[in-house]
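Chain by chain, the residues:
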Amino acid sequence: MLILLVGTGIFLTVRTRFLTWRNLGYALKSTLSKEARTKSRGQGDVSPFSALAATIGTGNIVGVATAMVSGGPGALVWNFSDIANALMAIPNLICMLLLSGEIAKDVKEFQPEIKK
């Protein structure tokens, strides 16, 4: 299956005369440049960055659904383990954010040569 996917990707890249690589600079410039972020748009228009983010998000959803269909119960176990890891990380991040001021005060108290 992997050989088929990679082979198809190579075939289509050659067949389209490396279209993705030829237009990579333009795509990055039109998506990530300051002009693309600050350009005023009409009501209902979507920025290029938002469109890219939506595409990546949709790909993630489709990837999980494909894993569930092709992997069966094993994929479900791994997905739940990923969720559990994320849920354990969130309280740690919240504690780090809440305690960051206290930690900064302690560091300044014990090491006065460190400036803010």
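Within each chain, residues carry numbers counting from 1 in the order of the written sequence. Note on the predicted model: pLDDT of at least 70 is required for a residue's local features to be given, and 80 or more for side-chain atom pairs to be given and counted; whole-chain, interface and lining totals, by contrast, use all residues. As a rule here, side-chain values cover all heavy atoms of the structure and leave hydrogens and water aside.

Asks: Teacher, can you tell me more about the overall build of the protein here?
Replies: Numbering goes from the N terminus for both helices and strands, where a helix is a DSSP run of H or I of at least four residues and a strand is a run of E of at least two. Counting its regular elements, the protein contains six helices and zero strands. Starting at the N terminus and walking to the C terminus, you meet the elements of the protein as α-α-α-α-α-α. For the C-alpha atoms alone, the extent of the protein along its principal axes is close to 65 × 45 × 35 Å. For every residue, the accessible area (1.4 Å probe, protein chains only) is compared with the maximum for its type, and the residue is labelled buried under 20%, exposed over 50%, or partly exposed between those bounds. The buried share of the protein, reckoned over its 116 residues, is 3%. Of the roughly 10,300 Å² of accessible surface on the protein, a fraction of 70% belongs to carbon and sulfur atoms. The charge count treats Lys and Arg as positive and Asp and Glu as negative. His and the chain ends do not count. Here the site of a charge means atom NZ of a Lys, CZ of an Arg, CG of an Asp or CD of a Glu. Placing the 12 positive and 7 negative side-chain charges of the protein at their respective mean positions leaves the two points 18 Å apart. Per-residue accessibility takes into account occlusion by the displayed protein chains alone, with areas from the Shrake-Rupley method and a 1.4 Å probe.

Asks: Before we go on, may I ask you to explain a nonpolar patch on the surface in this structure?
Replies: On the surface, a nonpolar cluster with roughly 1,200 Å² of combined accessible area is contributed by Leu2, Val6, Ile10, Val14, Phe18, Trp21, Leu24, Leu28, Leu32, Phe49, Leu52 and Ile56. Broken down by secondary-structure element, the contributors of at least two residues to the nonpolar patch are helix 1 (2-15), helix 3 (24-32) and helix 5 (48-71). In terms of residue count, the dominant contributor to the nonpolar patch is helix 1 (four residues). You can see Leu2 is positioned in helix 1. For Leu2, a relative accessible area of 63% puts it in the exposed group. Exposure above 30% relative accessible area and the lack of any salt bridge qualify a residue for a patch; like charges then connect within 9 Å, and the nonpolar side chains Val, Leu, Ile, Met, Phe, Trp and Tyr within 5 Å. We count a salt bridge whenever a side-chain nitrogen from Lys or Arg sits within 4 Å of a carboxyl oxygen from Asp or Glu.

Asks: What is the right way to look at the packing of helix 5 against helix 6 (residues 73-110) in this model?
Replies: Between two packed helices, both the angle of their axes relative to each other and the distance between the axes serve to describe the pair. At a minimum axis separation of 6 Å, helix 5 and helix 6 run at an interaxial angle of 140°. Here helix 6 runs oblique to helix 5, going by the angle between their axes. Together, Val64, Ala67, Met68 and Gly71 of helix 5 and Pro73, Gly74, Ala75, Leu76 and Asn79 of helix 6 make up the contact between the two elements. Fitted lines through C-alpha atoms give the axes, limited to the stretch in contact for helices. The angle between two N-to-C directions lies from 0 to 180 degrees. Reported orientations rely on four angle classes, namely roughly parallel under 35 degrees, roughly antiparallel over 145, roughly perpendicular from 65 to 115, and oblique for the rest. Two residues qualify as a contact provided that any one of their heavy atoms is within 4.5 Å of a heavy atom in the partner residue.

Asks: Explain the pattern of salt bridges here, please?
Replies: Where side chains of opposite charge bring their charged atoms close, a pairing between them can arise. The final tally for this structure, using the stated rule, is one salt bridge. In this structure, the salt-bridge partner of Glu102 is Lys105, at a minimum N-O distance of 3.3 Å. With a gap of three residues between them, Glu102 and Lys105 both fall in helix 6, about one helical turn apart. With a relative accessible area of 41%, Glu102 lands in the partly exposed category.

Asks: Could you clarify how one ought to interpret the packing of helix 3 against helix 5 in this entry?
Replies: It is the contact of helix 3 with helix 5, at a shortest axis distance of 7 Å, that shows an interaxial angle of 110°. Between helix 3 and helix 5, the crossing angle belongs to the class labelled roughly perpendicular. For the pair formed by helix 3 and helix 5, the contact residues are Ser30, Thr31 and Leu32 on the first element and Pro48, Phe49 and Leu52 on the second. Asp, Glu, Lys and Arg are counted as charged, while Ala, Val, Leu, Ile, Met, Phe, Trp, Tyr, Cys and Pro are counted as nonpolar; the rest, among them Gly, fall into the polar class. Broken down by class, the residue content of the contact of helix 3 with helix 5 amounts to four nonpolar, two polar and no charged.

Asks: What should I look at first to understand the environment of Asp106 in this one?
Replies: Tracing the sequence through the fold places Asp106 in helix 6. Once the C-alpha coordinates of Asp106 and Leu52 are considered, the two residues, 54 residues apart in sequence, prove to be 42 Å apart.

Asks: Sorry if this is basic, but what is going on with the confidence of the model for the protein here?
Replies: Parts of the prediction with low pLDDT should not have their coordinates interpreted in detail. Per-chain confidence: the protein averages 80 in pLDDT, with 91% of residues scoring 70 or above. For every residue, the predictor assigns a confidence score, pLDDT, that lies between 0 and 100. Helix 4 (residues 34-38) is the least confidently modelled element of the protein, averaging 71 in pLDDT, while helix 1 averages 92, the highest of any element.

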